[in-house]
Amino acid sequence: MIELDNIAYSYGGAELLSEISIRLTPGSFHFLTGPSGAGKTTLLKLCYGALLPTSGQVRLFDTDMRRLDRDQIALMRRRIGVVHQDCRFLDHLTLAENVALPLTVSGRDLAAEAGNLGELLNWVGLSARSDALPPELSGGERQRAALARAVIMSPDLVLADEPTGNVDWDMSQRLLQLLVELNRMGKTVLIASHDLALIRAAKTQVQARVLRISNRRLQLAGADL
Amino acid sequence: MIRGALSGLIAGDKQADRVVPPSGFTAQLTLFAAGAMGFLAVFALALSLASGRLADRWADELARSATLRISAPADQMTAQTNAALQVLRQTPGVQSARALSDAEQAALLTPWFGPDLPIETLPVPQLIEIVETPQGFDAAGLRLRLSAQVPGAVLDDHTRWRRPLVEAAGRLRALGLISILLIGAAMAAMITLAANAALSANAQVIEVLRLVGAKDGYIAQAFVRRFTFRALIGAAVGAFLGVCGVLLLPEASDEGGFLTGLGFAGLGWFYPLAIPPLGAVVAFVATGYAARRTLRGLS
């Protein structure tokens, strides 16, 4: 599914990540943890091709990311659902239009996909808010909408960067439940989070592997997690 | 990428059009620039066409006439005039040749000497008016024959002063065409600036679109389509107002000279119709260039 082979990433002369090697197999569930600024977001960006490693190799769906041009990376991203902490919506579009954005940019007929879109909004509990604009949504609604947008193309891989960072405990549990459901549907899930309580809660529901970034390197988390 | 953008432009995509947020000042800047340039282009086109007509008319009118001036002693004047007429009648390319009467010659001098000039008492040269056939005559050959048979004859085929006039009108036409090109280039520069501003202002939108799998061609097309239609509308309004301005110019008249003939004639009235589509093409190319460059920079 995704394989990072001894990668390093430097920015402005400073090495942010070093000797990172991981392999996510199809249907697996991973957490990526570590203190703020450890490089969790950078590692996720390397996973979906927003950044290229300074050295080493990123293989996504058996393809070396370095060999892809921008259009090929765009096509690859349609197979990956990404959830950001700040959601990144287009504020002039409604919630439903934002959720359907991956369909729109891939040229799919929205009228034909209306049923799927409705089911998806229902799944994340936002059917009644489909016409709302992003600034009108609460933090939890935004995160659920971002998750819906991430999975509308039925991706093989879901990457989430601090998806519960701006919501209360109950909502974070709801979001976790949705991500666990996605994993049970066969999706590979990688969540970057510094919320150890969330990780512990997840481990009671799903067999999750926890990776920790520390001193620019990646290691398997200890038994405390 | 250009072929894709062109087909996308023509086919249109309402869903894609919604993706790029409506922008304020860049939209107004594009409309204004395209409108102003469309307006100016109409006048540059009118100038170019009018000077072209003028050059053609002057060249045509002056090229088909010539004057033979005979300066000879009074007792030889009639003989030399007849000899000259005889030579002219035998010259290929001369349609007709006629010696001006004393009254006609006096009329020509009246503006300078007044109507009371006793022309018959003065040694005024005899003028012969020559009208050429459309093919014209060999001026150099005619001069040689005249020098042999009519020593007092001087042929003036108007080349001396026709050429600078025609050249001046031709340059005016070229100036008009250069103005149109400069107007197009200025429009392209302004629309490129507006497109750059719009793309920079929407860097976050572009980031989101890339995040969800949009290709650069798709993103560029959304901007290109918007700017192209704005330029088309702006140039159409500008060209329409320009044509109205040309319509308000005075009709062509001999008294008014060149300035009153500054406008369109015949099929020329259809030429301004080409300005809006050309403005749209300029915007299409300029925005496509700006979009590709900005998207490369944002990667």
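Note: the structure precedes this text.
So, a few notes on the structure that sits alongside this text. Quantities reported herein were computed from a predicted structural model and do not represent experimental measurements.

### Some thoughts on the side chain of Q105(B)
So, point 1. In this structure, Q105(B) sits in helix α5 (residues 102-113).
So, point 2. With residues near it in sequence (within four places) discarded, Q105(B) still touches L100(B), I119(B), V124(B), P125(B), Q126(B) and L127(B).

### A look at the packing of helix α7 (residues 169-184) of chain A against helix α8 (residues 196-203) of chain A
Residues and elements named next belong to chain A.
So, point 1. Contact geometry of α7 with α8 gives a least axis separation of 11 Å together with a crossing angle of 45°. With respect to each other, α7 and α8 are oriented oblique. Handedness of the α7/α8 crossing: right-handed. Here W169, S172, Q173 and L176 of α7 come into contact with α8, specifically with A197, L198, A201 and A202.
So, point 2. The class makeup of the residues in the contact of α7 with α8 is 6 nonpolar, 2 polar and no charged.

### Things to note about the nonpolar core
So, point 1. F29(A), F31(A), V99(A), W123(A) and L147(A) are the most contacted members of the largest nonpolar core, which has 46 residues in total.
So, point 2. If near-sequence neighbours (up to four positions away) are discounted, F29(A) is found in contact with L179(A), V180(A), N183(A), V189(A), I191(A), V206(A), Q207(A), A208(A) and R209(A).
So, point 3. If you look at the next biggest cluster of nonpolar residues, it comprises 45 residues, including L93(A), A195(B), F223(B) and F264(B).

### Quick look at the side chain of D64(A)
Residues and elements named next belong to chain A.
So, point 1. Here D64 is to be found in strand β5 (residues 63-64).
So, point 2. Looking at D64, its side chain comes within polar contact range of the side chain of Q57, at 3.0 Å.
So, point 3. In this structure D64 touches Q57, V58 and R59, once residues within four positions along its chain are discounted.

### A look at the sheet that holds strand β9 (residues 208-214) of chain A
Residue and element names in this part refer to chain A.
So, point 1. Here we have 6 strands laid out as an open sheet, ordered β6-β7-β8-β3-β9-β10, and mixed in their pairing. Two strands bound the open sheet, and with one partner strand each, they are β6 (80-83) and β10 (217-220). Neighbour-to-neighbour, the strand axes of the sheet open up by a mean angle of 20°, direction not taken into account.
So, point 2. Inspection of the sheet shows β9 paired to β10 by 4 bridges, in the antiparallel sense. Bridging across to β10, R212 finds its partner in Q219.
So, point 3. In this fold α7 packs onto β3 (29-33), β7 (157-161) and β8 (188-192), with an angle of close to 135° to the strand it touches most, β3.
So, point 4. Each of β3 and β9 is contacted by α8, which is oriented at about 165° to β3, the strand it contacts most.

### Some details on the pairing of β6(A)
Residues and elements named next belong to chain A.
So, point 1. Side chains I80 and V82 project from β6 onto one buried face, and the interleaved G81 and V83 project onto a second face that is buried too.
So, point 2. Two strands pair when backbone bridges link them, and β6 and β7 are joined in this way by 4 bridges, in the parallel orientation. What sits directly across from V82, in β7, is L159.

### Points about empty space enclosed by the protein
So, point 1. For the structure shown, the criterion picks out 2 cavities of 30 Å³ or more.
So, point 2. In terms of lining, the largest cavity is formed by R77(A), R78(A), I80(A), G81(A), V82(A), P102(A), R149(A), A150(A), M153(A), P155(A), L211(B) and V212(B).
So, point 3. A per-element tally of the lining of the largest cavity places β6(A) first, with 3 residues.
So, point 4. Split by residue class, the lining of the largest cavity holds 8 nonpolar, 1 polar and 3 charged.
So, point 5. Computed from the structure, the second largest cavity encloses a volume of approximately 40 Å³.
So, point 6. Lining the second largest cavity, in full, are V83(A), Q143(A), L147(A), A160(A), P163(A), L175(A) and L179(A).
So, point 7. Looking at the lining of the second largest cavity, the elements that each hand over two or more residues are α6 (139-151) and α7 of chain A.
So, point 8. The residue makeup of the lining of the second largest cavity, split by class, is 6 nonpolar, 1 polar and no charged.

Thresholds, definitions, all that
Once a new chain begins, its residue numbering starts again from 1 and follows that chain's sequence as written. Each chain takes a letter, starting from A, and each ligand takes a number, starting from 1, following the order in which they are written. Where totals are concerned, whole chains, interfaces and linings use all residues; where local detail is concerned, this predicted model gives features only for residues with pLDDT of at least 70, and gives and counts side-chain atom pairs only at 80 or more. As a rule here, side-chain values come from all non-hydrogen atoms in the structure, and water together with hydrogens is ignored. Note on conventions: DSSP H or I runs of at least 4 residues are helices, E runs of at least 2 residues are strands, and numbering of each starts at the N terminus. Between two residues, a contact is recorded if the distance between any of their heavy atoms is within 4.5 Å. As a rule, the C-alpha atoms of each element are fitted with a line to give its axis, helices using only the stretch in contact, and angles between N-to-C directions run from 0 to 180 degrees. Should an angle fall under 35 degrees it is taken as roughly parallel, and over 145 as roughly antiparallel, whereas 65 to 115 is taken as roughly perpendicular and any remaining angle as oblique. When the near helix sits turned anticlockwise from the far one by under a right angle, the crossing is termed left-handed; a clockwise turn instead gives a right-handed crossing. The classification used treats Ala, Val, Leu, Ile, Met, Phe, Trp, Tyr, Cys and Pro as nonpolar, Asp, Glu, Lys and Arg as charged, and all other residues, Gly among them, as polar. Remark: nonpolar core denotes a set of buried residues (Ala, Val, Leu, Ile, Met, Phe, Trp, Tyr, Cys) joined through side-chain atoms within 4.5 Å. Relative accessibility decides the category of a residue: with a 1.4 Å probe and only protein chains considered, values under 20% of the type maximum give buried, values over 50% give exposed, and everything between is partly exposed. Any N or O atom pair separated by 3.5 Å or less is treated as a polar contact, with the protein-specific requirement of one donor-capable and one acceptor-capable atom, and with residues adjacent in sequence counted only for side-chain atom pairs. Strands qualify as paired when DSSP identifies two bridges or more between them. Two kinds of site are reported from a 1 Å grid over the protein atoms alone, namely cavities, where a 1.4 Å probe fits but cannot get out, and pockets, open sets with protein on both sides within 12 Å along at least five of seven lines, and residues are called lining when an atom falls within 4 Å of a point. Grid points are joined across faces, edges and corners, and a volume is the space filled by probe spheres set on the points.

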